[in-house]
Amino acid sequence: MALALGLAGGGLTACGETAEAPAGEAAGAVEAVPGLTIENARLVLNAVAGNPAAIYLDMSYDGERATTVRAASVEGAEKTELHETSEWERKMVMGEMGPLLLNPGDSVTFEPGGKHIMVFGLPDTVEPGQDVDVTLTVVGGDKTSFTAEVVAAGADR
């Protein structure tokens, strides 16, 4: 993948396309995971048409007990995966990450070169300045939906 965000981190290899988001997890869910807050969400389009986009955000959790984010979905996308960048054999690589455990008081930043949400197969009609609906699902099935502003490749992420 040649995401501008990946290139900015230098030396990143392509993300694999292996797992599908669980069926039926479209944005628009009216439920909310108690204590889970999402801020500063933005979807950065790829500079190369047809390549995946990435979502960055700030997440905080102040629920009563631990919870685990296990999936993400974006309305209209073919597939969405939780990803992270790490070092492997002295090279920076990115790939699908496992479930994200959140304890009360935790804050996690999804940013270039770290955790992010990969979005595959966005409709061609998605353009900078629009919003997309995103849903996070935790173990047990509870969901939190939010909007992410669509920004052009190379924009401030």
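Here the residue numbers are simple positions, counted from 1 along each chain's written sequence. In keeping with the model being predicted, local features are shown solely for residues with a pLDDT of at least 70 and side-chain atom pairs are shown and tallied solely at 80 or more, while totals for entire chains, interfaces and linings include all residues. Calculated side-chain values reflect all of the structure's heavy atoms, with hydrogen atoms and water omitted.

### Re the overall build of the chain
Quick reminder of the rule: Note on conventions: DSSP H or I runs of at least 4 residues are helices, E runs of at least 2 residues are strands, and numbering of each starts at the N terminus. Note on exposure labels: buried denotes an accessible area under 20% of the residue type's maximum, exposed denotes more than 50%, and partly exposed covers the range between, all computed with a 1.4 Å probe on protein chains only. Only heavy atoms enter the contact rule, under which two residues are in contact if any of them lie within 4.5 Å. Working definition of accessibility: Shrake-Rupley area with a 1.4 Å probe, residue cover restricted to the visible protein chains.
Within the chain one finds one helix and ten strands. For the chain, the proportion of its 157 residues judged to be buried stands at 41%. Long-range contacts, defined as pairs at least 24 residues apart, comprise 71% of the intrachain contacts of the chain with a sequence gap of at least 6. In the structure as shown, the chain presents an accessible area of about 7900 Å², 46% of it carried by carbon and sulfur atoms.

### Details of the packing of aromatic side chains
This is how the line gets drawn: Classification of ring pairs rests on two measures: the distance between centres of Phe, Tyr or Trp rings, Trp counted by its six-membered ring, which must be within 6.5 Å, and the angle between planes, read as stacked under 30 degrees, edge-to-face over 60 and tilted in between. In this scheme, Lys NZ or Arg CZ marks a charge over a ring once it lies within 6 Å of the ring centre and within 35 degrees of the ring normal.
All told, the structure shown has zero aromatic pairs when counted by the stated rule. Its guanidinium or amino end placed over the ring of F120, K79 lies 4.9 Å from that ring's centre, counting from NZ or CZ.

### Things to note about the pairing of strand β2 (residues 53–61)
The cut-off we apply is this: Strand pairing follows a simple DSSP-based rule, namely that at least 2 bridges must link the two strands.
Extensive coverage of β2 is indicated by the burial of seven of its nine residues. Across seven bridges, the pairing between strand β1 (residues 36–44) and β2 is antiparallel. Looking across to β2, one finds that E39 is bridged to D58.

### Brief notes about the pattern of salt bridges
As a reminder of what qualifies: Salt bridges are identified by distance alone: a Lys or Arg side-chain nitrogen within 4 Å of an Asp or Glu carboxyl oxygen.
Applying the stated criterion across every chain, the model contains two salt bridges. Here K79 and E81 are joined by a salt bridge, their closest N and O atoms 3.8 Å apart. Per residue, the accessibility class of K79 equals that of E81, and both read buried. Between E84 and K115 there is a salt bridge, and its shortest N-O distance comes to 3.1 Å.

### Digging into the nonpolar core
What counts is decided by this rule: The criterion is simple. A nonpolar core is a set of buried Ala, Val, Leu, Ile, Met, Phe, Trp, Tyr and Cys residues joined through side-chain atoms within 4.5 Å.
Residues L43, L57, M59, I117, V119, L122 and L136 are the most contacted members of the largest nonpolar core, which totals 32 residues. For this core, the secondary-structure elements that each account for two or more residues are β1, β2, β3 (67–74), β6 (100–102), β7 (107–110), β8 (116–120), β9 (131–138) and β10 (143–151). At five residues, the largest contribution of residues to this core is made by β2. Counting seven residues, the second largest nonpolar core, distinct from the first, contains V44, A54, F120 and V151.

### A short note on the side chain of N46
As a reminder, the rule being used: In the analysis that follows, any N or O atom pair within 3.5 Å is treated as a polar contact, provided that within protein one partner can donate a hydrogen and the other can accept it, and provided that, for residues neighboring in sequence, both atoms belong to side chains.
Of note, N46 is situated in the loop between β1 and β2. Separated by 2.7 Å, the side chain of N46 and the backbone nitrogen of V48 make a polar contact. Here P52 takes part through its backbone oxygen, which lies 3.2 Å from a polar atom of the side chain of N46.

### Observations regarding unusual backbone geometry
Located in the positive-phi region is E89, a residue other than glycine, with phi close to 50°. On the secondary structure map, E89 appears in the loop between β4 (79–88) and β5 (91–96). Of note, the phi angle at R90 is positive, near 65°, even though the residue is not glycine. Relative to the assigned elements, R90 resides in the loop between β4 and β5.

Remember, this is a structural readout, not a statement about activity or role.
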